[in-house]
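# Remarks on the overall topology
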Amino acid sequence: MNVPLEPHDKILRTYTEPEVTDLIRELHERGKPFGIQWGSAAVNGATIDGRLLVDFGDTSVATLLNLLTLLREGLRTP
(Lines give C-alpha, C1' and ligand atoms only; values in the text may rest on other atoms or scores of the structure.)
Protein backbone atom coordinates (compact mmCIF):
# COMPACT_ATOMS: atom_id res chain seq x y z
CA MET A 1 0.00 0.00 0.00
CA ASN A 2 1.28 3.46 -0.90
CA VAL A 3 1.76 6.17 1.67
CA PRO A 4 -0.56 9.14 0.98
CA LEU A 5 1.06 12.24 -0.43
CA GLU A 6 0.99 15.34 1.71
CA PRO A 7 -0.14 18.61 0.07
CA HIS A 8 3.33 20.11 0.64
CA ASP A 9 5.27 17.21 -0.95
CA LYS A 10 7.98 18.64 -3.23
CA ILE A 11 7.20 16.16 -6.04
CA LEU A 12 3.90 17.97 -6.60
CA ARG A 13 5.77 21.01 -7.92
CA THR A 14 6.87 18.99 -10.94
CA TYR A 15 3.37 18.34 -12.31
CA THR A 16 2.34 20.41 -15.31
CA GLU A 17 -1.17 21.47 -16.27
CA PRO A 18 -1.42 18.88 -19.09
CA GLU A 19 -0.25 16.12 -16.74
CA VAL A 20 -2.82 17.05 -14.10
CA THR A 21 -5.53 17.25 -16.76
CA ASP A 22 -4.64 13.67 -17.77
CA LEU A 23 -4.85 12.60 -14.11
CA ILE A 24 -8.33 14.15 -13.87
CA ARG A 25 -9.36 12.17 -16.95
CA GLU A 26 -8.05 9.00 -15.33
CA LEU A 27 -9.97 9.82 -12.14
CA HIS A 28 -13.15 10.12 -14.19
CA GLU A 29 -12.52 6.80 -15.94
CA ARG A 30 -11.54 4.85 -12.85
CA GLY A 31 -14.10 6.52 -10.62
CA LYS A 32 -17.10 6.11 -12.91
CA PRO A 33 -18.02 2.58 -11.70
CA PHE A 34 -17.97 3.91 -8.14
CA GLY A 35 -19.95 7.08 -8.82
CA ILE A 36 -16.87 9.25 -8.36
CA GLN A 37 -17.33 11.94 -10.97
CA TRP A 38 -16.42 15.60 -10.95
CA GLY A 39 -17.57 16.92 -14.29
CA SER A 40 -16.30 20.37 -13.50
CA ALA A 41 -12.89 19.24 -12.23
CA ALA A 42 -10.08 21.05 -14.00
CA VAL A 43 -6.71 22.57 -13.32
CA ASN A 44 -7.64 26.06 -12.19
CA GLY A 45 -4.28 27.70 -12.83
CA ALA A 46 -3.93 28.85 -9.24
CA THR A 47 -0.95 27.74 -7.22
CA ILE A 48 0.00 27.60 -3.59
CA ASP A 49 3.74 27.78 -3.11
CA GLY A 50 4.32 26.51 -6.66
CA ARG A 51 1.79 23.66 -6.51
CA LEU A 52 -1.14 23.57 -8.94
CA LEU A 53 -4.67 23.41 -7.57
CA VAL A 54 -7.45 21.28 -9.01
CA ASP A 55 -10.81 22.97 -9.16
CA PHE A 56 -13.20 20.71 -7.32
CA GLY A 57 -13.17 22.66 -4.14
CA ASP A 58 -9.67 24.06 -4.88
CA THR A 59 -7.99 20.94 -3.65
CA SER A 60 -4.36 20.10 -4.20
CA VAL A 61 -2.89 17.71 -6.72
CA ALA A 62 -2.00 15.54 -3.69
CA THR A 63 -5.70 14.90 -3.09
CA LEU A 64 -6.20 13.96 -6.74
CA LEU A 65 -3.23 11.57 -6.67
CA ASN A 66 -4.36 10.03 -3.38
CA LEU A 67 -7.85 9.40 -4.78
CA LEU A 68 -6.34 7.77 -7.86
CA THR A 69 -4.11 5.60 -5.69
CA LEU A 70 -7.13 4.37 -3.74
CA LEU A 71 -8.98 3.56 -6.95
CA ARG A 72 -5.95 1.84 -8.50
CA GLU A 73 -5.34 -0.27 -5.39
CA GLY A 74 -9.02 -1.02 -4.99
CA LEU A 75 -9.23 -2.42 -8.48
CA ARG A 76 -6.34 -4.80 -7.74
CA THR A 77 -7.96 -6.18 -4.60
CA PRO A 78 -9.98 -9.36 -5.28
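As shown above, the structure is provided for reference.
Residues numbered from 1 in each chain as written. Predicted model: local features only at pLDDT ≥ 70, side-chain atom pairs only at ≥ 80, totals over all residues. Heavy atoms only, no water.

## What about the overall build of the protein chain?
Inclusion rule: What counts as a helix is a DSSP run of H or I of at least four residues, what counts as a strand is a run of E of at least two, and both are numbered from the N terminus. Each residue gets one of three labels from its accessible area relative to the maximum for its type: buried under 20%, exposed over 50%, partly exposed in between, using a 1.4 Å probe on protein chains only. Whether two residues touch is decided by their heavy atoms; if any such pair falls within 4.5 Å, the residues are in contact. Note on areas: Shrake-Rupley, 1.4 Å probe, and residue coverage restricted to the protein chains presented here.
Along the protein chain, the regular secondary structure elements total two helices and three strands. Sorting the 78 residues of the protein chain into buried and exposed places 31% on the buried side. The long-range fraction of contacts in the protein chain, counting pairs at least 24 apart against all pairs at least 6 apart in sequence, stands at 57%. Summing over all exposed atoms, the protein chain offers an accessible surface of approximately 5,100 Å²; the carbon and sulfur share of this is 54%.

## With respect to the environment of Leu65
Relative to the assigned elements, Leu65 resides in helix α2 (residues 61-76). In the structure, Leu65 is positioned 60 residues away from Leu5 in sequence and 7.6 Å away in space, judged by C-alpha atoms. Apart from the residues lying within four places of it in its own chain, the contact partners of Leu65 are Leu5, Leu12, Tyr15 and Leu23.

## Observations concerning the pairing of strand β1 (residues 43-48)
What counts is decided by this rule: For two strands to pair, DSSP has to find at least two bridges joining them.
Bridge analysis of β1 against strand β2 (residues 51-54) gives three bridges, and the strand direction is antiparallel. What sits directly across from Val43, in β2, is Val54. In sequence, β1 turns back onto β2 through a hairpin of two residues, with Asp49 there showing a positive phi of about 55°.

## Here we look at helix α1 (residues 17-31)
To keep things clear, this is the line we draw: Take the number of residues in a helix, subtract one, and multiply by 1.5 Å to get its expected span. The directions considered for the arc are those from the helix axis to the C-beta atoms.
Here α1 spans 21 Å end to end across 15 residues, near enough to the 21 Å set by a 1.5 Å rise per residue. Looking only at α1, the buried set comprises Val20, Leu23, Ile24, Glu26, Leu27 and Gly31. Taken down its axis, α1 places every buried residue within 160° of arc, on the same side. What points out from α1, more than 90 degrees from its buried face, is the exposed set Pro18 and Glu29.

## Quick notes on the side chain of Glu26
To keep things clear, this is the line we draw: Under this definition, polar contacts are N or O atom pairs within 3.5 Å; protein pairs additionally need one hydrogen-donor-capable and one acceptor-capable atom, and for neighbouring residues in sequence, both atoms have to be side-chain atoms.
With respect to the helices and strands, the residue Glu26 is situated in helix α1. A polar side-chain atom of Glu26 sits 2.7 Å from a polar atom in the side chain of Arg72. Sequence-distant contacts of Glu26, defined by excluding residues within four places in its chain, comprise Gly31, Leu68 and Arg72.

## Comments concerning the layout of surface pockets
Heads up, the condition is: Using a 1 Å grid laid over the protein atoms alone, points where a 1.4 Å probe fits but cannot get out form a cavity; open sets with protein on both sides within 12 Å along at least 5 of 7 lines form a pocket; any residue with an atom within 4 Å of a point counts as lining. Grid points are joined across faces, edges and corners, and a volume is the space filled by probe spheres set on the points. When residues are grouped by polarity, Ala, Val, Leu, Ile, Met, Phe, Trp, Tyr, Cys and Pro land in nonpolar, Asp, Glu, Lys and Arg in charged, and all others, Gly among them, in polar.
If you add up the space inside the largest pocket, you get close to 150 Å³. Taken together, 10 residues form the lining of the largest pocket, with Asn2, Val3, Pro4, Asn66 and Thr69 sitting closest to its centre. Its residues assigned to classes, the lining of the largest pocket shows five nonpolar, three polar and two charged.

## Some thoughts on the pattern of salt bridges
Heads up, the condition is: We count a salt bridge whenever a side-chain nitrogen from Lys or Arg sits within 4 Å of a carboxyl oxygen from Asp or Glu.
If you walk through the whole model with that rule in mind, you get three salt bridges. Here Arg25 makes a salt bridge to Asp22, at a shortest N to O gap of 2.7 Å. Within this pair, Arg25 and its partner Asp22 are both found in helix α1, separated by three residues, close to a single helical turn. Looking at Arg25, the relative accessible area reads 47%, which means it is partly exposed.

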